[in-house]
Amino acid sequence: MTFASFLDSLGPFFAVAGMALASFLPGMGSAKGVGIGGQAASAVVTEDPSQFGKVLILQLLPGTQGIYGLLIAFMAMINIGIMGGVATISAVKGLAYLAACLPIALAGYFSAIHQAKTSVAAINLVAKRPDQFGKAILFPIMVETYAILALLISLLAVMNIGNMPI
């Protein structure tokens, strides 16, 4: 095996590494975020069980980043053709998939954690002023905006790598 053929055999490895990062980093951030939100939500429901629905929504918001990462990983799998077996792609194309997965991997991880912190603040607001739920939910949704932007960049990149002449 020559060095060039060895490098070309790394294409699927790089692509799968990107998919793994896209799925597990936002998943870890979401798990941590939903846990942080759940602690605050539990405290509120202990004092006022009627607030369950409102605080549940706020707790679940950091969980969306994990879904976004999983979506990108699936889209990459479908685009490469891994679903039906082992795909043969060049190392350069594999690196392109890895790079395409990084926006949602990194932004998804960090935005889930920061969204959880904002959700906790919103949960505390709802605990003191239940009538302010509409305003309170806007704060964590603003953090969600950046996860959605990363999702769009990763999605556009993953879907267009197949058209690249590499």
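For clarity, every value in this text was computed on a predicted model and none was experimentally measured. (Residues numbered from 1 in each chain as written. Predicted model: local features only at pLDDT ≥ 70, side-chain atom pairs only at ≥ 80, totals over all residues. Heavy atoms only, no water.)

## Considering a nonpolar patch on the surface
How we decide: The patches described consist of residues with a relative accessible area above 30% and no salt bridge, like charges being joined within 9 Å and nonpolar side chains (Val, Leu, Ile, Met, Phe, Trp, Tyr) within 5 Å. Note that accessible areas follow from Shrake-Rupley with a 1.4 Å probe, and for residues the cover is restricted to the protein chains shown. Salt bridge, as applied in this entry: a Lys or Arg side-chain nitrogen positioned within 4 Å of an Asp or Glu carboxyl oxygen. Strands are runs of DSSP state E lasting at least 2 residues, helices are runs of H or I lasting at least 4, and numbering of each runs from the N terminus. For each residue, the accessible area found with a 1.4 Å probe, counting protein chains only, is set against the maximum for its type, and the residue is called buried under 20%, exposed over 50%, and partly exposed in between.
The grouping of Met1, Phe3, Phe6 and Leu7 at the surface amounts to a nonpolar patch, some 480 Å² of accessible area in total. Along the chain, the position of Leu7 falls in helix 1 (residues 3–9). According to the relative accessible area criterion, Leu7 is partly exposed, its value standing at 34%.

## Description of the side chain of Gln132
Quick note on the threshold: Two N or O atoms count as a polar contact when they lie within 3.5 Å, although within protein this holds only if one can serve as hydrogen donor and the other as acceptor, and sequence-adjacent residues are included solely when both atoms are side-chain atoms.
Looking at the element boundaries, Gln132 is found in the loop between helix 5 (91–128) and helix 6 (133–136). Polar side-chain contacts of Gln132 include one of 3.1 Å to the side chain of Asp131.

## Some remarks on helix 3 (residues 52–60)
Using the following cut-off: By arc we mean the arc of the directions from the helix axis to the C-beta atoms, nothing more. The criterion used for residue contact is that any of the two residues' heavy atoms lie within 4.5 Å.
All of the buried residues in helix 3 are Val55, Leu58 and Gln59. Projected down its long axis, helix 3 shows its buried positions confined to an angular sector of 100 degrees, all on one face. Along its buried surface, helix 3 packs onto helix 2 (11–47), helix 5, helix 6 and helix 7 (138–160).

## Quick word on the side chain of Gln115
As for its position among the elements, Gln115 is in helix 5. Accessibility expressed as a relative area gives 0% for Gln115, which makes it buried.

## Digging into the nonpolar core
As a reminder of what qualifies: By nonpolar core we mean a set of buried residues, namely Ala, Val, Leu, Ile, Met, Phe, Trp, Tyr and Cys, connected to one another through side-chain atoms within 4.5 Å.
Among the nonpolar cores identified, the biggest contains 19 residues, and Ala15, Met19, Ile72, Ile80, Tyr97, Ile104 and Val158 are the most heavily contacted of them. The set of elements that each furnish at least two residues to this core consists of helix 2, helix 4 (64–80), helix 5 and helix 7. Apart from residues no more than four positions distant in its own chain, Ala15 is found in contact with Ile80, Ile89, Gly94 and Tyr97. By size, the runner-up hydrophobic cluster in this structure holds 12 residues, among which are Ile123, Phe133, Ala136 and Ile137.

## Thoughts on the packing of helix 2 against helix 5
The criterion, for reference: Here, axes are lines fitted to C-alpha atoms. For helices the fit covers the stretch in contact, and angles between N-to-C directions go from 0 to 180 degrees. If an angle is under 35 degrees, it is roughly parallel; if it is over 145, roughly antiparallel; if it lies from 65 to 115, roughly perpendicular; otherwise it is oblique.
Put simply, helix 2 and helix 5 touch, their axes get as near as 7 Å, and they point 5 degrees apart. Here helix 5 runs roughly parallel to helix 2, going by the angle between their axes.

## Focus: the environment of Ser30
Inspection of the secondary structure puts Ser30 in helix 2. In sequence terms Ser30 and Val45 are 15 residues apart; their C-alpha atoms lie 21 Å from each other. Look past the residues within four positions of Ser30 in its chain and what remains in contact with it is Pro62, Gly63, Thr64, Gln65, Gly66 and Ala112.

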